[in-house]
Amino acid sequence: MGAGDPDRNLKIYKKMIAGGKPLEPRHQYYYGRELYYHKQYEEAVSVLEQFLLSEDGWIENKIEACSICANCYLHLGQEQSALTTLLRSMSYDLPRAELCCEIGKFFLERGNYQNAIYWYEAALRTPKNEYSNGFVLPDCYDYVPFLQLCVCYDKLGNRQKAKEYNERAGACKPYSQAYLYNKRYFDSL
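The present account deals with the structure reproduced in this document. Values in this document were obtained by computation on a predicted structure and should not be read as measured data.

Here is what the cut-offs are and how they apply
Residues numbered from 1 in each chain as written. Predicted model: local features only at pLDDT ≥ 70, side-chain atom pairs only at ≥ 80, totals over all residues. Heavy atoms only, no water. Helix = DSSP H or I, 4+ residues; strand = E, 2+ residues; numbered from the N terminus. Contact = heavy atoms within 4.5 Å. Salt bridge = Lys/Arg side-chain N within 4 Å of Asp/Glu carboxyl O. Buried < 20%, exposed > 50% of the residue type's maximum accessible area, 1.4 Å probe, protein only. Phe/Tyr/Trp six-rings, centres within 6.5 Å; stacked < 30°, edge-to-face > 60°. Lys NZ or Arg CZ within 6 Å of the ring centre and 35° of its normal. Axes fitted to C-alpha atoms, helices over the stretch in contact; angles between N-to-C directions. Left-handed = near helix turned anticlockwise from the far one by under 90°. Nonpolar A, V, L, I, M, F, W, Y, C, P; charged D, E, K, R; others polar. Polar contact = N/O pair within 3.5 Å; in protein donor to acceptor, adjacent residues only side chain to side chain. Expected span 1.5 Å × (residues − 1).

## Some points on the environment of H27
Here comes step 1: With respect to the helices, strands and loops of the structure, H27 is situated in helix α2 (residues 25-37).
Here comes step 2: Along the sequence, H27 and F51 sit 24 residues apart, while their C-alpha atoms lie 9.0 Å from each other.
Here comes step 3: Every residue in contact with H27, bar those within four places of it in the chain, is listed here: Y13 and M16.

## Observations regarding the pattern of salt bridges
Here comes step 1: As enumerated under the stated definition, the model contains 11 salt bridges in all.
Here comes step 2: Between R96 and D93 there is a salt bridge, with the nearest N and O atoms lying 3.1 Å from each other.
Here comes step 3: In this structure R96 comes out as buried when scored by relative accessible area, which is 10%.
Here comes step 4: The class for D93 is partly exposed, based on a relative accessible area of 32%.
Here comes step 5: Between K183 and D187 there is a salt bridge, with its nearest N and O atoms 3.7 Å apart. With K183 and D187 both in helix α10 (residues 177-188) and 4 residues apart, this pair spans about one turn of that helix.
Here comes step 6: Counted as one network, the salt bridges with shared partners bring together E79, K105, E109 and R110.

## A closer look at the packing of aromatic side chains
Aromatic rings considered in pairs are described by the distance between their centres and by the relative angle of their planes.
Here comes step 1: Per the stated rule, a full pass over the model turns up 9 aromatic pairs.
Here comes step 2: Residues Y36 and Y41 carry aromatic rings whose centres are separated by 6.0 Å and whose planes lie at 55 degrees to one another, so their mutual orientation is tilted. Side by side, Y36 and Y41 carry an identical accessibility label, which is buried.
Here comes step 3: Relative to Y165, the ring of Y153 has its centre 5.7 Å away and its plane inclined at 5 degrees; by these criteria the two rings are stacked. Remark: Y165 occurs in helix α9 (residues 159-172) and Y153 occurs in helix α8 (residues 143-155); sequence separation between them is 12 residues. As far as the burial class goes, Y153 and Y165 line up, both buried.
Here comes step 4: If you follow R110 out to its NZ or CZ, it ends over the ring of F106, 3.7 Å from the centre.

## Structural notes on unusual backbone geometry
Here comes step 1: In this structure, K39 takes a positive phi of about 60 degrees despite not being glycine.
Here comes step 2: Tracing the chain through its elements places K39 in the loop between α2 and α3 (41-53).

## Regarding the packing of α9 against α10
Here comes step 1: The interhelical angle for the contact between α9 and α10, taken along N-to-C directions, is 145 degrees, at an axis separation of 9 Å. In terms of crossing hand, the pair formed by α9 and α10 is left-handed. Across the interface between the two elements, R159, A162, K163, N166, E167 and G170 from α9 touch A178, Y179, N182, K183, Y185, F186 and D187 from α10.
Here comes step 2: Taken together, the residues that form the contact of α9 with α10 break down as 5 nonpolar, 3 polar and 5 charged.

## Some points on the environment of A162
Here comes step 1: Checked against the element boundaries, A162 lands in helix α9.
Here comes step 2: By relative accessible area, which is 0% here, A162 ends up buried.
Here comes step 3: Not counting residues within four places of it along the chain, the set of residues in contact with A162 comprises C150, Y153, D154 and F186.

## Focus on the side chain of D5
Here comes step 1: With respect to the helices and strands, the residue D5 is situated in the segment before α1 (8-18).
Here comes step 2: On the basis of relative accessible area, D5 is assigned to the buried category, the value being 16%.
Here comes step 3: A distance of 3.0 Å separates a polar atom in the side chain of D5 from a polar atom in the side chain of K11.

## A word on α3
Here comes step 1: Its 13 residues give α3 an end-to-end C-alpha distance of 18 Å, which sits within 8% of 18 Å, the value for a rise of 1.5 Å per residue.
Here comes step 2: The complete set of buried residues in α3 reads Y41, A44, V45, V47, L48, E49, F51 and L52.
Here comes step 3: Taken together, the buried residues of α3 touch α2, α4 (59-75) and α5 (79-88).

In structure tokens:
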């Protein structure tokens, strides 16, 4: 079991549990994450839900656990549970752009463009918490919502607004494949 063993952490947690050692909240979070990485979705949900119900645990870990748990529910085909868990993240603190983008994506993938627009716009309004030491994806605060709003407005037939959002995405990442593809698309219309 060398340092290069991708199952190392999972084995450590399973050994602790087998030894009758209850996992403290921080370990529950990391164990749930390992289970998710190993595609053991049902077990991951069980462990992460337990972590989310505990009084203890760092807020940033709770928010990230909601994201991971929601992904597990999606893999298990439990869409409503996935959405509920994403929304639950906001019970711990102000909305994070990362979670707003995930909720937006949930609605976009289901063709509910108005709801998707709401959540992508919410992501744009979310202040970047540089000091949280939490999980931060900088693109979720500008580039991703701009690009996805372009898609939503295009699907709704509002080409002008779609084009404007694509240009805003391009201002963030001028060499992005998605932006350049969309630009060619709008120029051809």
